[in-house]
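Listed below are the residues making up each chain.
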Amino acid sequence: VARPAIVFIGFMGAGKSTALAVAREAGLETTEIDALMEREFGKPIRQVFEEDGEEAFRAREAEVVEALLKGADGGAIALGGGSILSERVRKALDRHVVVWLQIGATEAWRRIANSNRPLATSEKDVIRLLEERLPLYEELADVVVLPGDRGSLARALPVIQAYVGIPVDPARLLWATSASGEYPVLVGRQLLRETTWWPLQGRRFCISDSEVMRLYGDFVSPLAEGVVIEPGEQSKTMEEAQRVLEELAGAEMTREDHVVALGGGVVGDLAGFCAHVYQRGVPVVQVPTTLVAQVDSAYGGKTGVDLALAKNYVGAYHLPAGVISDIDCLRTLPREELASGFVEVLKTGLLAGGKLWEQVRSLERINPEELDEIIFSCARYKCEVVAADERDAGLRAVLNLGHTVGHAIEAESDYATFRHGEAVGLGLLAALRLSDAPDLRDEVEDILRRHGLPVRLDPPTDTEMTLLFLERDKKRTSKGVGFTLLSKPGCPEVGQLVNPDRVRAALIELYP
Ligand SMILES: NC(=O)c1ccc[n+]([C@@H]2O[C@H](COP(=O)([O-])OP(=O)(O)OC[C@H]3O[C@@H](n4cnc5c(N)ncnc54)[C@H](O)[C@@H]3O)[C@@H](O)[C@H]2O)c1
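Because the structure is a prediction, the values reported are computed rather than measured. Sequence order as written defines the numbering, with residues in each chain counted from 1. The predicted nature of this model means local features are confined to residues of pLDDT at least 70 and side-chain atom pairs, given and counted, to a pLDDT of 80 or more, with totals for whole chains, interfaces and linings taken over all residues. Computation of side-chain values covers all heavy atoms of the structure but excludes hydrogens and water.

Can you help me understand the overall build of the protein in this one?
Each helix and strand counted, the protein has 21 helices and 16 strands in total. We compute the radius of gyration from the C-alpha atoms alone; for a globule the expected value is 2.2 Å times N to the 0.38, where N is the number of residues. For 512 residues, the compact-globule formula gives about 24 Å, and the C-alpha radius of gyration of the protein, at 24 Å, lands near that figure. Each of the 512 residues in the protein was classed as buried or not, and the buried ones make up 55%. Counting only contacts in the protein whose residues sit at least 6 apart along the sequence, the fraction spanning at least 24 positions is 72%. Per-residue accessibility takes into account occlusion by the displayed protein chains alone, with areas from the Shrake-Rupley method and a 1.4 Å probe. If you sum the accessible surface of the protein, you get close to 21900 Å²; carbon and sulfur atoms cover 49% of it. Only DSSP runs of H or I with at least four residues qualify as helices, and only runs of E with at least two residues qualify as strands; both kinds are numbered from the N terminus onward. Buried residues are those whose accessible area, probed at 1.4 Å on protein chains only, stays under 20% of the maximum for their type, while exposed residues exceed 50% and partly exposed ones sit between those limits. Two residues qualify as a contact provided that any one of their heavy atoms is within 4.5 Å of a heavy atom in the partner residue.

How do you make sense of the site of the ligand when you look at a structure like this?
Proximity criterion: a residue is near a molecule or strand once any of its heavy atoms comes within 4 Å of it. The environment of the ligand is made up of 26 residues, and the closest members are Glu233, Gly265, Thr289, Thr290 and Thr332. Whenever a nitrogen or oxygen atom comes within 3.5 Å of another N or O atom, the pair is scored as a polar contact, on the condition that within protein one atom can donate a hydrogen and the other can accept it, and that pairs from neighbouring residues in sequence are kept only if both atoms are in side chains. One nitrogen or oxygen atom from the side chain of Lys382 is found 3.3 Å from an oxygen atom belonging to the ligand. Taken together, the elements giving at least two residues each to the shell around the ligand come down to helix H10 (210-220), helix H12 (265-277) and helix H13 (291-297). In terms of residue count, H10 provides more of the shell around the ligand than any other element does, 4 residues in total.

When you look at the side chain of Glu61 in this model, what are you seeing that I'm missing?
Position of Glu61 among the secondary structure elements: in helix H4 (residues 54-71). Separated by 3.0 Å, the side chains of Glu61 and Arg58 make a polar contact. Within the structure, Glu61 has its side chain in polar contact with the side chain of Ser83 (distance 2.7 Å). Beyond its immediate sequence surroundings of up to four residues, Glu61 is in contact with Ile33, Met37, Gly80, Gly82 and Ser83.

Help me out: how do you make sense of helix H6 (residues 105-112) in this one?
Note on helix geometry: an α-helix contains 3.6 residues per turn, so any two residues three or four positions apart are oriented the same way. Along H6, the positions that sit buried rather than exposed are Ala105, Ala108, Trp109 and Ile112. Along H6, the residues classed as buried sweep out an arc of 95° about the axis, all on the same side. Seen from the buried face of H6, the exposed residues on the opposite side, beyond 90 degrees, are Thr106 and Arg110. Its buried side turned inward, H6 meets helix H7 (123-140). By definition, the arc is the one covered by directions from the helix axis to the C-beta atoms.

Looking at this model, I keep getting lost on the environment of Arg396. Mind explaining?
With respect to the secondary-structure elements, Arg396 resides in the loop between helix H16 (372-388) and helix H17 (403-412). Judged by its relative accessible area of 3%, Arg396 falls in the buried class. Taking C-alpha positions, Arg396 is 22 Å from Phe469, a pair spaced 73 residues apart along the chain. When near neighbours in sequence (up to four residues on either side) are disregarded, Arg396 contacts Tyr299, Gly300, Lys302, Tyr317, Lys382, Val385, Val386, Asp389 and Glu390. From its side chain, Arg396 meets the backbone oxygen of Glu390 in a polar contact 2.8 Å long.

In this structure, what is going on with the packing of helix H1 (residues 16-25) against helix H8 (residues 150-164)? I would like to understand it.
Two packed helices can be described by the angle between their axes and the distance between those axes. The convention used is that axes are lines fitted to C-alpha atoms, helices contributing only their stretch in contact, and that angles between N-to-C directions extend from 0 to 180 degrees. As a packed pair, H1 and H8 sit with axes 9 Å apart at the nearest point and diverge in direction by 50°. In this view, H1 runs oblique relative to H8, as classed from their interaxial angle. Viewed along their axes, H1 and H8 form a crossing whose handedness is right-handed. Between H1 and H8, the contacting residues are Thr18, Ala19, Ala21, Val22, Ala23 and Glu25 on the first element and Arg150, Leu153, Ala154 and Leu157 on the second. Each residue gets one label: Ala, Val, Leu, Ile, Met, Phe, Trp, Tyr, Cys and Pro are nonpolar, Asp, Glu, Lys and Arg are charged, and the others, such as Gly, are polar. Residues belonging to the contact of H1 with H8 are distributed by class as follows: 7 nonpolar, 1 polar and 2 charged. Small angles under 35 degrees read as roughly parallel and large ones over 145 as roughly antiparallel, with 65 to 115 read as roughly perpendicular and the rest as oblique. Helix crossings get a hand from a simple test, with the near helix turned counterclockwise from the far one by less than a right angle marking a left-handed crossing and a clockwise turn marking a right-handed one.

Honestly, the packing of aromatic side chains in this entry has me stumped. Any pointers?
We describe a pair of aromatic rings using the distance from one ring centre to the other and the angle between the two ring planes. Only Phe, Tyr and Trp rings are paired, with Trp represented by its six-membered ring, and only when their centres lie within 6.5 Å; those with planes under 30 degrees apart are stacked, over 60 edge-to-face, the remainder tilted. Under the counting rule described, the total for this entry stands at 4 aromatic pairs. Ring geometry for Phe49 and Phe57: centres 5.1 Å apart, planes at 40°, overall tilted. Considered together, Phe49 and Phe57 belong to a single accessibility category, that of buried residues. In textbook terms, an aromatic cluster arises when at least three aromatic residues are bridged by ring pairs, as seen for Phe41, Phe49 and Phe57. Here, a charge over a ring means that NZ of Lys or CZ of Arg falls within 6 Å of the ring centre while also lying within 35 degrees of the ring normal. Over the face of the ring belonging to Trp198 we find Arg204, whose NZ or CZ atom lies 3.9 Å from the ring centre.

So what exactly am I meant to see when it comes to the pattern of salt bridges here?
Pairing between side chains of opposite charge can happen when the charged atoms of each approach one another. Whenever a carboxyl oxygen of Asp or Glu lies within 4 Å of a side-chain nitrogen of Lys or Arg, that contact is scored as a salt bridge. Under the definition given, this model contains 51 salt bridges. Put simply, Arg60 and Glu63 hold a salt bridge, and the shortest N to O gap is 2.3 Å. Residue Arg60 and its partner Glu63 are both found in helix H4; the two are separated by 3 residues, about one turn of the helix. Taking the relative accessible area as the measure of exposure, Glu63 reaches 38% and is therefore partly exposed. Ionic pairing is found between Arg111 and Glu107, a salt bridge with its closest N-O pair at 2.9 Å. You can see Arg111 and its partner Glu107 sitting in helix H6, 4 residues apart, about one turn around the helix. Residue classification places Arg111 among the partly exposed positions, given a relative accessible area of 34%. Given the relative accessible area of 26%, Glu107 is considered partly exposed. Connected via shared salt-bridge partners are Arg433, Arg441, Glu445, Asp446, Arg449, Arg456 and Glu509.

I would appreciate a short explanation of the pairing of strand S4 (residues 97-101) in the present structure.
The side chains of a regular strand alternate between both faces of the sheet. Of all 5 residues making up S4, 5 are buried, and the element is well covered by its neighbours. Both faces of S4 are covered, namely the face carrying Val97, Val99 and Leu101 and the face carrying Val98 and Trp100. For strand S1 (residues 6-9) and S4, the ladder comprises 4 bridges, and the chain directions are parallel. Paired with Val7 across the bridge in S4 is Val98. Note: two strands are recorded as paired if DSSP finds a minimum of 2 bridges between them.

None of the figures reported here should be taken as evidence of function without further support.
This is the structure in structure tokens:
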């Protein structure tokens, strides 16, 4: 049986030739389709387009690429940006590991503006073509590499090669990049049971809560020391961090070892924070086991603990060295935790718009057996936002959609009445009211109701106290609290100042 090849796909300027050069340096046999087609026609592609037309080019390209993919035995291949428009090519890709080098329209245009591309002669062309091809890239990709440089492709390649050998299917790999680092994210099933692949060498020190340790600790801990905390937000404190750190020191953890954060967002935040400060920093591998953590908290490096006065008030940025999201873990997650995590999915769908929003809005029930694609898309969206703004200087604030009011509701009710996700669901309704998007607000209310999530602030919080907590939001600047608003799916706007009377009205509207 022929071995699968690593096939790079992506828009013009995404770095397919660079990826191929990196693969060649790593000793792989490589084939570049654009070069192959130029040899085939005996002239530059631009000239083929001018003299023979795009249709003739695409027809021949499909034949050549299909034959090549059918016979390929290992190695690396870079397709042309439009090769995947052919169904024959898409089918022939099935057997191979498809690596999508992702790039945004602005960056793509910056990179290709001075080159001779027959189909893209303006940024407008680029935006249109990219929009057209995006769903195809998304559908085909086994591996997504976020925009980076040559160095990041070189670091990603060995992980992609290891991924080719991972015996579980379907698992998808994301190479997350941002200002201070990059890391692999593996999303799939049976990962804890079956995978021998692990992002790091060295001893593992597994931090988990007692429930998750009982369920999944054995998969991580044959090689690991374990530190157990009590489940729940009350464990996300400085005192608990201190105790964990003392245990790590007592077990003689060194800087050659690493922390494994096995659990939900509470474990991820606390263990990530401990990893950041233990001996001034050791790596952490995040192994998220809740829906919240698999779609949101495990990625992006925000770690921390709560103070008595406010949530997440102490913390640090500490990117994971890798994330392993095993969706099978969600099978044991209590129903209400799944529903609460779904609110982060809903938020991400609203922010991303497009196909993800369509998938989220049409979900009949929250069934972990049917969430694979949605979880991967949410993880990808979160990592894309972090890639653009790791340190929360602007764009990352989109992720606060629904959280500004949500956090205030949680704080006013002493974190006792509403789960985090439930409060954020109510916060989404308030944010959509403030966004003047009544139809979308109604739809989101219907979706929350369909999944058994509260749509009323019942029992009501004290309005003025809630507004006071809102004013204390840690994202506040000297100008006031900036809201993330959303007029339609896919179009968030950050840092919007809102008249306090309107906020009050949006809150009161939620009372039963
Ligand atoms: N760092 C970030 O970017 C970020 C983003 C969003 C949320 N958060 C934080 O995440 C926290 C919430 O995370 P969460 O919702 O995952 O809560 P959690 O970690 O408290 O987990 C919820 C409960 O589910 C149990 N559990 C976890 N996995 C299980 C499984 N597979 N099967 C059965 N039970 C399981 C836990 O024992 C716990 O009781 C909050 O503290 C929030 O501030 C952080």
